[in-house]
Amino acid sequence: MLEMSGIFKVFYEGTPDEKIALNKVDLSMRPGDFVTVIGSNGAGKSTLMNVISGKLTPDVGSVFIDGTNMTALAEHKRAAKIGRVFQDPMAGTAPTMTIEENLALAYNRTKKRTLAFGVTKKRRDFYREKLEMLHLGLEDRMGAKVGLLSGGERQALSLLMATFTDPKILLLDEHTAALDPSRAELITNLTKEIVEKLGLTTLMVTHNMQQALDLGNRLIMMDKGQIIFSADEEEKKNLTVEKLLAEFQKIKGGGGLSDRSLLS
Amino acid sequence: MLTALFGAVESGVIYAIMALGVYLSFRVLDFPDLTVDGSFVTGGAVASIMIVNGSDPFVATMAALFAGFLAGCVTGILHTKGGINPLLSGILMMIALYSINLRIMGKPNVPLLAEETVITKIESWFASDWSILLFMLVVTLIIKFVTDLFLKTEVGLSLRAVGDNEGMVRSFSANTGWMKVLGLGLSNALVAFSGALVAQYNGFNDVGMGIGMIVIGLASVIIGEAVVGHSKIARATLAVVVGAILYRIIVTLALRIEFLDTGDMKLITAIIVIIALVLPKIIDRQKAASRKKKRLQQLGGKANA
Ligand SMILES: Nc1ncnc2c1ncn2[C@@H]1O[C@H](COP(=O)(O)OP(=O)(O)O)[C@@H](O)[C@H]1O
Ligand SMILES: [Mg+2]
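- An unreviewed UniProt entry lists chain B under the name ABC transporter permease, from Domibacillus enclensis.
- In its Subcellular location (unreviewed entry) section, the UniProt entry covering chain B states "Cell membrane".

- Per an unreviewed UniProt entry, chain A is named ABC transporter ATP-binding protein, and its organism is Domibacillus enclensis.
- In its Subcellular location (unreviewed entry) section, the UniProt record describing chain A reads: "Cell membrane".

**Overview of the packing of aromatic side chains**
Residues and elements named next belong to chain A.
- Counted by the stated rule, this structure contains eight aromatic pairs over all chains.
- On the basis of an interplanar angle of 80 degrees and a centroid distance of 5.9 Å, the ring pair of Tyr107 and Phe126 is categorised as edge-to-face. Separated by 19 residues along the polypeptide, Tyr107 in helix H3 (residues 99-107) and Phe126 in helix H4 (residues 121-132) bring together distant segments of the chain.
- You can call Phe126 partly exposed: its relative accessible area is 27%.
- Put simply, the rings of Tyr107, Phe126, Tyr127 and Phe164 touch in pairs and so form one group of aromatic residues.

**Observations regarding the sheet that holds strand E9 (residues 218-223) of chain A**
Residues and elements named next belong to chain A.
- An order of E6-E7-E8-E3-E9-E10 is seen for the six strands of this open sheet, with the pairing classed as mixed. Sheet topology places strand E6 (82-85) and strand E10 (226-231) at the edges, where each strand pairs with a single neighbour. Across the sheet, the axes of successive neighbouring strands diverge by a mean angle of 20 degrees, strand direction being ignored.
- Across the sheet, helix H5 (residues 151-163) touches E6 and strand E7 (169-173), and the angle it forms with E6 is around 175 degrees.

**Some thoughts on the pattern of salt bridges**
- Enumeration over the complete set of coordinates arrives at 20 salt bridges over all chains.
- Here A:Arg124 makes a salt bridge to A:Glu100, at a shortest N to O gap of 2.8 Å. Of this pair, A:Arg124 sits in helix H4 while A:Glu100 sits in helix H3, and the two are 24 residues apart along the sequence.
- Given the relative accessible area of 30%, A:Arg124 is considered partly exposed.
- The residue B:Arg160 makes a salt bridge to A:Glu101 at a minimum N-O spacing of 3.0 Å. Of this pair, B:Arg160 sits in helix H7 (residues 154-164) while A:Glu101 sits in helix H3, which puts the two residues in different chains.

Calculation rules
Residues numbered from 1 in each chain as written. Chains lettered and ligands numbered in written order. Predicted model: local features only at pLDDT ≥ 70, side-chain atom pairs only at ≥ 80, totals over all residues. Heavy atoms only, no water. UniProt positions renumbered as here; feature names shortened; annotations may be inferred. Phe/Tyr/Trp six-rings, centres within 6.5 Å; stacked < 30°, edge-to-face > 60°. Helix = DSSP H or I, 4+ residues; strand = E, 2+ residues; numbered from the N terminus. Buried < 20%, exposed > 50% of the residue type's maximum accessible area, 1.4 Å probe, protein only. Pairing = 2+ DSSP bridges. Axes fitted to C-alpha atoms, helices over the stretch in contact; angles between N-to-C directions. Contact = heavy atoms within 4.5 Å. Salt bridge = Lys/Arg side-chain N within 4 Å of Asp/Glu carboxyl O.

Here it is as structure tokens:
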């Protein structure tokens, strides 16, 4: 479903600020794979997501999604195959527009936009049915502006908007990081429910190692622009937070790296 | 006095179409588009030259609309394809249009008093003092309703979302660049249409008549929002129309003050906009200050108890 090979991405090349954000990254995902990504700040996790979504073009390397070469395809064009939820709850929705209007925007991800109304009686019923899946009562507030929703509600809506049109691949970039623990748990559970129900191929970045272990069938760890550790389905089942930390120390050569915060 | 006010309402209704255009760029797209100063005159220039050369005034007015659409699209392309910042794209286009307008007109001022215009035609159809006002009101309201409906279509929704959260609509596969081009095209189409009608209403088209038009449009939008509100699209566009009429009334009344003359109009407009922009901030700050005072008093009370 996703095939990335030999990806390099360097920022400020040739200046003292040069930053190698991705350093020869290869990643392959089969349909239905749910890969969780962990790694310290600045490891290149978001850059990886941005290269897949087309927000950034890699300096070298190729990105294939669903058998199509997407490496140079404009962001809005490949978006038909990609669902995304960002860390910032503000980022995934249009605040001055209503819940149903936001859903209408998302509805058009896979369809050409026309001069037909975005919210019709029939569509509204469809949107309501989808909103019910969130168990937040948003289906009764479809005419409310999204700017009035709480961070958790917005993030749940963003998750729904990113997924209800069956993307080929779902990208989640620390989408629970900005929420308080109980809301984060709610979104985590929703993520699990939706991804399982739709069988979505998913790549999820998280700062929470326990979450990375609880969700998904594969796990990768990134550091300094490289994938330094990768666990397949069998290996992941036996992983614990302690084992992950030990793994990280081993690769990094120990020495003051036992601090959990290094991985968060 | 009453005739002056009547005239203010009449021209306010025509200028409302321009203000709706400014609403589209400033509010819906969140794009401060200065093309308006030029495209307003372009509308007048195209219409007046066609009328002088014997075209049907209605056809000439529609042609002005298309000319404005093109001008807006060029601004949009300068910004999205050329990577020029929004303000500068508009300023460049505004300056370019000044020369283009002179070329179209052939001279700085084209008189229309002896010509058959949309205005004279309407007056000949309905022999009433109210004919111009009512006809223009109908035209403006039709444009308002069509705009309301358009902003609810799939294309219209994504246009609004571009102004609200560009990164987000792009992630839902909208081509945000072309959306901006389209939005600016439509905005300037309305502006030029209004310019064409204003030229015919005034009986001449002058190359300098667009100066400060953007600020007038903005003043109308802001005044309207303050008076009518803007919770829903239909309400926001109504606010723009009301604002444009109120603006004309305010200016008419201001000009009755002894020491002010027509040359001061732009200064008055600028002051209206400045007040409208600054006042809410001052009010907010005062509210925050009084909240803080209250909180301190509460805390003080508790500490003593
Ligand atoms: N748009 C950008 N411009 C310049 N540097 C960037 C940009 N995006 C990311 N970087 C740099 O690339 C590195 C990787 O960043 P990122 O992928 O955001 O890390 P992570 O998401 O793992 O915390 C960091 O050093 C960051 O400063
Ligand atoms: Mg990140």
